[in-house]
Structure formats: structure tokens, C-alpha cells
Amino acid sequence: MKVLSFAGYDEIYLKYILPALLNKTKTQTIRPAWNDAVKHKWSLTRDNCAYEKIKYVSGKPPRFQVGETFILEWKSRSSPRGSWFCSNCGMLEKIRNPSGKCDHLYFPENTNPTAFKFPKILGMATITEVLKMEMRKTPHGKFFGLWLRDGDIYLTTEEYEELAKKDGFPDAETMFKWFDNKYDLSVPRMFWVYRWKGAGDESPSHGNFTTIIPKSMTETFI
Ligand SMILES: [Zn+2]
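Small disclaimer: the values here were computed from a predicted structure and weren't measured.

S.K.: Looking at this structure, how should I read the overall build of the chain?
M.R.: In terms of regular secondary structure, the chain is built from 4 helices and 11 strands. Going through the 222 residues of the chain one by one, you find that 25% of them count as buried. Long-range contacts, defined as pairs at least 24 residues apart, comprise 63% of the intrachain contacts of the chain with a sequence gap of at least 6.

Now the structure itself:
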């Protein structure tokens with residue numbers, strides 16, 4: 001089964017996205033629709049006198065199809081199987097402290113009394129929608145989003161807010177700024193939008209995911 005991995009350590013991610021993942025209100029993720037590797041190819045110049053090396057970034061097909069069931073994991077590739085993490089900082093619990101816990105878990109009363117530990121495997125869900133969109137920022141700093149279907153369609157204000165909320169952001173402005181910081185939207189960028197519901201849940205309006213209890217688990221997950 002495919003795995004969808006999540007990770008983020010910036011303020012916005014830890015304040016909004018990680019909590020939304022853990023309380024299962026996050027029902028969507030927005031991922032680049034281009035490959036990171038920049039390819040080079042040789043092309044004739046306009047006057048056909050010489051070749052020049054041009055850079056292009058190739059498009060990426062969607063990783064998931066509607067109806068596909070997948071596993072949600074925190075830091076899928078960069079942490080060992082069976083890892084546990086801190087809900088406050090998203091880091092492996094076994095850091096810094098000789099107790100084997102991060103300070104938020106070891107000294108919650110001094111740091112964050114609501115911090116708890118969570119397992120690498122967050123749950124299982126089924127894809128309900130796969131959409132393609134473009135995000136961009138004008139030179140004046142205004143953000144735009146377009147649905148890329150048969151023709152380009154600008155998102156309505158309601159769709160911006162819906163998109164942000166499903167992703168775990170408090171509002172569209174925060175979402176756009178976060179993506180701009182990460183991907184630089186002054187260049188128009190294309191993304192795949194994946195939406196899901198809990199695997200095995202028949203109700204399409206109930207958009208969470210199903211918890212998998214790890215075999216080695218001795219403590220209850222939230
Ligand atoms: Zn921590």
C-alpha cells in the first residue's frame with residue numbers, strides 16, 4: 001500500500017497542520033505537480049546558429065487515484081519503523097533528554113502541558129478527489145488559485161477558504177503565504193490536490209481517517 005508522508009517544523013505547520021493531522025480534521029494535502037530535479041536539454045537558438053542549454057522542469061503525474069487506499073505517516077522516509085514523535089515539536093521523542101523524551105514530553109509542566117506522543121503511522125484513508133490547481137502571486141503580492149480542468153477556472157472566495165480549511169490552515173491567506181514561503185509563488189506553480197476520507201467509512205461527508213493501532217503499542221494513541 002502506498003504511503004503519504006507528512007513533515008514540517010515551521011511555526012504554521014506545528015501550530016495548525018500537525019494538530020489537524022492528529023485530530024483528523026485534515027482531509028486534504030496539496031503536493032507539487034512538478035519534479036524537483038531540473039532537467040537540461042539542448043535546443044536551437046532562434047537564429048538556428050547555435051544550440052543553447054535550457055532548463056525545464058518536467059510535470060509529474062498524480063501519485064494517487066480516486067478510490068485508492070493509503071497509509072498516512074509522519075516523517076515516513078526519515079525515521080525508523082515504530083518511531084514515536086512529540087505533538088509539540090514534531091521531532092522524534094528520543095532526542096536531547098537522557099530520559100529518552102524531548103523536553104515537551106519530559107517536562108510538559110514547564111513547556112507545553114498538552115504535549116503528547118504519537119506514532120509514525122497516523123492511519124489509513126481512501127482518496128475521494130484528485131484535483132489539479134495552480135497557485136501564483138502577482139507582483140503586487142496578491143495571491144491567486146486556479147482549478148486546472150478543461151479550462152482554467154479561478155477559485156471563488158468560498159473555495160479558497162474551503163481549500164485552506166481542508167488542508168488544516170486557519171484561512172486562505174495563511175495557506176497562500178505558507179506555500180509562497182516554501183515554493184515561491186511569484187512563479188506560477190502547479191499542484192495536485194488529494195482529498196480523502198477514512199478507509200472503510202461509507203459516509204462521504206465524514207472526512208477523517210482510520211487509526212491503525214501499532215502492534216507494539218502499549219499506550220493509547222490520543
Ligand atoms: Zn517536543
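S.K.: I keep staring at unusual backbone geometry and nothing clicks. Help me out?
M.R.: Unlike most non-glycine residues, K75 shows phi in positive territory, near 50 degrees. Note on placement: K75 falls in the loop between strand 5 (69–74) and strand 6 (84–86). The partly exposed category is assigned to K75, around which 17 C-beta atoms lie within 10 Å.

S.K.: Sorry if this is basic, but what is going on with the confidence of the model for the chain here?
M.R.: Do not read the fine detail of predicted coordinates wherever pLDDT is low. Per-residue pLDDT for the chain has a mean of 84; in total, 79% of the residues score no lower than 70. pLDDT under 50 marks residues 202–207. Its contacts with residues more than four places away, or in other chains, come to 7 contacts. In the model, residues 215–222 has pLDDT below 50 throughout and makes 9 contacts with residues more than four positions away in sequence or in other chains.

S.K.: Is there a simple way to explain the nonpolar core in this structure?
M.R.: Taken as a class, soluble globular proteins show a tendency for nonpolar side chains to be buried jointly. If you look at the biggest cluster of nonpolar residues, it comprises 34 residues, and the most contacted ones within it are M135, M175 and F179. Mapped onto this core, the elements with two or more residues apiece are helix 1 (11–22), strand 5, strand 6, strand 8 (121–137), helix 3 (157–167), helix 4 (172–183) and strand 11 (189–198). Element by element, the count of residues in this core is highest for strand 8, at 6 residues. With sequence-adjacent residues up to four places away left out, M135 is seen in contact with F143, G145, F176, F179, L185, R189 and F191.

S.K.: Is there a simple way to think about helix 3 in this case?
M.R.: At 3.6 residues per turn, the α-helix brings residues three or four places apart onto the same side. All of the buried residues in helix 3 are L163, A164, K166 and D167. Down the axis of helix 3, the sector holding all buried residues measures 165 degrees, keeping them to one side. Turned more than 90 degrees from where helix 3 packs its buried face, T157 and E158 sit exposed. Buried residues in helix 3 make contact with strand 2 (28–32), helix 4 and strand 11. Phi turns positive, to about 105 degrees, at G168, one or two residues after helix 3.

Scoring rules and cut-offs
- All residue numbers here refer to positions counted from 1 along the written sequence of the relevant chain.
- In view of the model being predicted, local features appear only for residues whose pLDDT reaches at least 70, and side-chain atom pairs are presented and counted only at 80 or more, with totals across whole chains, interfaces and linings using the full set of residues.
- Note on conventions: DSSP H or I runs of at least 4 residues are helices, E runs of at least 2 residues are strands, and numbering of each starts at the N terminus.
- Exposed residues have 12 or fewer other C-beta atoms within 10 Å of their own C-beta, buried residues have 20 or more, and partly exposed residues fall in between, where C-beta atoms are placed from the backbone.
- Contact between two residues is assigned whenever their backbone-derived C-beta positions fall within 7 Å.
- Confidence of the prediction at every residue is given by pLDDT, a number between 0 and 100.
- For this entry, the nonpolar core is defined as buried Ala, Val, Leu, Ile, Met, Phe, Trp, Tyr and Cys residues connected by C-beta atoms within 7 Å.
- In this description, one arc is meant: the one made by directions from the helix axis to the C-beta atoms.

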